[in-house]
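# An overview of the molecular structure
Below, each chain spelled out in residue letters.
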Amino acid sequence: MSTNSIYRDLLLDHARHPKYSGCLEHPDLKASAFNPLCGDELELTLALSGETIHDCRTQVRGCSICIASASMMSEFILERTLSEVLQISKEFSKSLRKDTEDIPETIESLRPLIDLKPHRSRIKCMRLAWDALEDCAAQHQT
Amino acid sequence: MQHHPLASKVRDDFPILKREINDFPLAYLDNAATTQKPNCVIDSLLDFYSTHNSNVSRGVYTLAEEATEIYEEGRESIAKFIGATDSGNIIFTRGTTESINLVASAWAQHNLKTGDRIIVTEMEHHSNLVPWQMAAQASGAELVYWPITPEAGSTSVGLLELEELEELLTDSVKLLAVTAVSNVLGTVNPIAKIVEMAHERGIPVLVDAAQAVARMPIDVSGLDCDFLAFSGHKVYGPTGIGVLYAKKERLDEMQPFQGGGGMIRQVGRQSSTWADSPQKFEAGTPPVAEVSGLAAALEYVSDVGISEIQKHEKELTAHALNRFAEFSDLELYGPQDTCDRTGVLSFNLRNVHPHDVAQVLDESGIAVRAGHHCTQILHERLGVAASVRMSFGIYNEVSEIDRLFSSLDRARDIFLD
Ligand SMILES: Cc1ncc(COP(=O)(O)O)c(C=O)c1O
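Since the structure is predicted, the reported quantities are computational estimates derived from the model, not experimental observations.

### Focus on the site of the ligand
Residues and elements named next belong to chain B. Inspection of the region around the ligand gives 13 residues, with T97, D208, S231, H233 and K234 positioned closest. Take H125: an N or O atom from its side chain is 3.1 Å from an oxygen atom of the ligand. For the ligand, an oxygen atom lies 2.7 Å from a polar atom in the side chain of H233. For the ligand, whose free accessible area comes to 390 Å², the fraction covered by protein is 85%. In this structure the site holding the ligand corresponds to the largest pocket. Across the shell around the ligand, the residue classes break down as 1 nonpolar, 10 polar and 2 charged.

Rendered as structure tokens:
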């Protein structure tokens with residue numbers, strides 16, 4: 001029935017059962033992101049050991065794409081360093097550009113999201129969690 | 001299939017309705033955001049650029065005279081459409097937003113002081129809120145909110161009550177800014193009565209007619225409102241053109257909005273003097289093609305007939321309200337009765353985000369809007385971040401509404417298990 005739908009199984013799994021959802025009680029870093037177009041909100045909390053993210057949670061009030069992206073991001077960033085995930089976030093951003101065709105090996109697992117890029121109105125939904133992540137990284141640097 | 005004399009009569013006039021989206025015929029149900037354009041409007045833009053294009057008022061050659069005539073005749077016909085007795089009360093802008101900003105900066109900022117109040121309602125579009133916040137901050141005035149009726153689920157939800165207004169109309173109120181039709185709830189506000197009450201206390205009223213202009217007759221003389229704003233693109237006309245109607249007394253109180261060509265009488269080295277209204281408020285090269293397109297659109301709407309349009313919209317709205325009543329997982333906001341509302345219907349499907357609903361509908365060729373529709377205060381009041389909105393135009397059919405309700409089943413299948 002939904003053969004031509006953008007809502008593929010993997011995305012829906014993440015949207016229905018988001019990983020690492022909620023808030024850490026004593027985060028080392030915390031950032032919110034807001035989508036002024038639709039009022040969606042997201043809060044990311046991170047726990048670090050040194051430079052490495054060893055726990056994270058996202059609290060999302062948003063659509064399925066936003067929730068799925070936050071869930072996939074959480075799986076992706078655990079046990080990686082802040083500078084590593086910042087780099088990944090930049091690559092993800094670049095891969096969402098209209099004219100980017102090659103997807104680097106490092107972000108292959110984000111392909112279900114990247115495949116949605118023809119839907120330009122949903123880019124911000126996908127980026128919300130990552131924007132909060134970049135905000136956390138920036139806080140850590142200063 | 002039910003009969004829809006109006007929709008079947010006009011559909012062929014709108015070339016875009018022949019489009020297919022994702023292999024389905026386009027069901028365009030986002031008319032509160034913008035309406036589609038009939039051939040006569042498209043042709044008038046084409047005709048202006050192919051045969052009359054030149055700048056207005058600044059040349060004696062034939063083309064310049066033609067362009068000036070098109071522009072000023074446009075002003076006349078727009079004045080007539082909204083019941084203004086003099087086209088000198090019609091100022092052209094880029095849209096409702098610019099019209100309201102014009103009043104906020106050219107009138108309000110010069111006439112407000114610390115302690116003054118501006119009444120707005122909880123259902124206003126950001127463009128009838130933010131300019132007033134800016135004017136208030138610049139002058140030391142304050143915004144006062146006229147609340148909407150609260151009982152969720154009751155038949156009276158989303159209305160403005162005149163008894164509430166009575167309380168708010170104090171001596172310090174210097175302006176009341178209110179929408180004629182809510183772009184979310186569909187509520188039709190009792191503008192004539194509101195103006196009357198405000199005027200009893202000498203308070204000017206600005207009417208945001210962005211949603212009203214394509215849905216009901218507008219008569220600024222009968223209403224006696226001080227200001228009225230609307231956008232061309234919401235009444236089957238082009239983008240980039242809007243109208244501000246201002247009463248003579250208010251025009252006389254207004255300072256220029258922007259400085260530049262066309263709005264001056266005499267320019268000196270240090271200061272200048274102003275042209276008469278409405279030119280005083282129209283600095284720079286005006287949107288001539290857009291005015292000709294808007295005039296064509298209003299002529300089209302008049303030919304179709306506003307009362308026909310109202311009848312058609314009432315039918316569609318009644319049908320949609322009946323369909324909503326079938327589903328307990330759909331929450332519809334705003335009045336539940338066609339007496340108090342028009343064909344702008346915002347709702348939520350329980351446990352599914354509006355973006356996801358709108359995306360699934362698009363996959364079936366149905367265009368609706370999801371988000372807060374530039375009404376964050378109202379959505380806060382409704383207790384939701386966002387909603388899905390369907391809104392009707394003259395070409396919509398009952399079958400398109402039914403397609404929407406069937407496609408909601410797909411959203412249920414995908415997101416709810
Ligand atoms: C009630 C209302 N007011 C104002 C506006 C702003 O109109 P525009 O964006 O054309 O300036 C809209 C449009 O969405 C509206 O629905």
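### Topic: the interface of chain A and chain B
On the side of chain B, 17 residues touch chain A, which itself brings 22 residues to the contact. Regarding the contact of chain A and chain B, the summed buried area is about 1,600 Å², with carbon and sulfur atoms giving 49% of it. Our count for the contact surface shared by chain A and chain B stands at 1 salt bridge. Across the pair D356(B) and R122(A) runs a salt bridge, and its minimum N-O distance is 3.1 Å.

### Description of the pattern of salt bridges
Residues and elements named next belong to chain B. Within the structure shown, the criterion is met by 36 salt bridges over all chains. Among the salt bridges present, the one from E282 reaches R75, with a minimum N-O distance of 2.8 Å. Here E282, found in the loop between β12 (272-274) and α10 (288-304), pairs with R75, found in helix α3 (residues 62-81); they are 207 residues apart in sequence, far enough to count as distant. Accessibility assignment for this pair places E282 and R75 in one class, buried. Residues K247 and D226 are paired through a salt bridge, measuring 3.8 Å at the closest nitrogen-oxygen approach. Of this pair, K247 sits in the loop between β10 (242-246) and α9 (248-253) while D226 sits in the loop between α8 (220-223) and β9 (227-231), placing them 21 residues apart in sequence.

### Details of the nonpolar core
Counting residues in hydrophobic clusters, the biggest one holds 77 residues, and the most contacted among them are L46(A), I53(A), M390(B) and L404(B). A per-element tally of this core places helix α5 (residues 123-141) of chain A first, with 10 residues. Excluding anything up to four places from it in sequence, L46(A) contacts L24(A), P27(A), D28(A), L29(A), I53(A), D55(A), C56(A), I77(A), L82(A), L133(A) and C136(A). If you look at the next biggest cluster of nonpolar residues, it comprises 75 residues, including I148(B), L168(B), V173(B) and M216(B).

### Re the UniProt feature "domain: NIF system FeS cluster assembly NifU N-terminal" (unreviewed entry) in chain A
UniProt feature "domain: NIF system FeS cluster assembly NifU N-terminal" (unreviewed entry): in the numbering of this structure it lies at residues 7-92 of chain A. Between the first and last C-alpha atoms of residues 7-92 of chain A the distance is 20 Å; the span itself is 38% helix and 31% strand.

### Notes on empty space enclosed by the protein
All names here are of chain B. Taken as a whole, this structure holds 1 cavity of 30 Å³ or more when the rule is applied. Roughly 80 Å³ of internal volume is contained in the largest cavity. Lining the largest cavity are 13 residues, with A214, R215, Y236, E313 and F392 sitting closest to its centre. For the lining of the largest cavity, the per-class residue count stands at 5 nonpolar, 5 polar and 3 charged. Two domains share the lining of the largest cavity, each providing at least three of its residues, namely domain 1 (6-30 + 305-415) and domain 2 (44-302).

Conventions and cut-offs
- Residues numbered from 1 in each chain as written.
- Chains lettered and ligands numbered in written order.
- Predicted model: local features only at pLDDT ≥ 70, side-chain atom pairs only at ≥ 80, totals over all residues.
- Heavy atoms only, no water.
- Near = heavy atom within 4 Å.
- Polar contact = N/O pair within 3.5 Å; in protein donor to acceptor, adjacent residues only side chain to side chain.
- Areas by Shrake-Rupley, 256 points an atom, 1.4 Å probe, with all protein chains shown as cover.
- 1 Å grid on protein atoms, 1.4 Å probe; cavity = no way out; pocket = protein on both sides within 12 Å on 5 of 7 lines; lining within 4 Å.
- Sits in = over half its atoms within 2 Å of the grid points.
- Nonpolar A, V, L, I, M, F, W, Y, C, P; charged D, E, K, R; others polar.
- Contact = heavy atoms within 4.5 Å.
- Buried area = accessible area lost by both parts, 1.4 Å probe.
- Salt bridge = Lys/Arg side-chain N within 4 Å of Asp/Glu carboxyl O.
- Helix = DSSP H or I, 4+ residues; strand = E, 2+ residues; numbered from the N terminus.
- Buried < 20%, exposed > 50% of the residue type's maximum accessible area, 1.4 Å probe, protein only.
- Core = buried A, V, L, I, M, F, W, Y, C linked by side-chain atoms within 4.5 Å.
- UniProt positions renumbered as here; feature names shortened; annotations may be inferred.
- Points joined across faces, edges and corners; volume = space filled by probe spheres on them.
- Domains from an automatic or database assignment.

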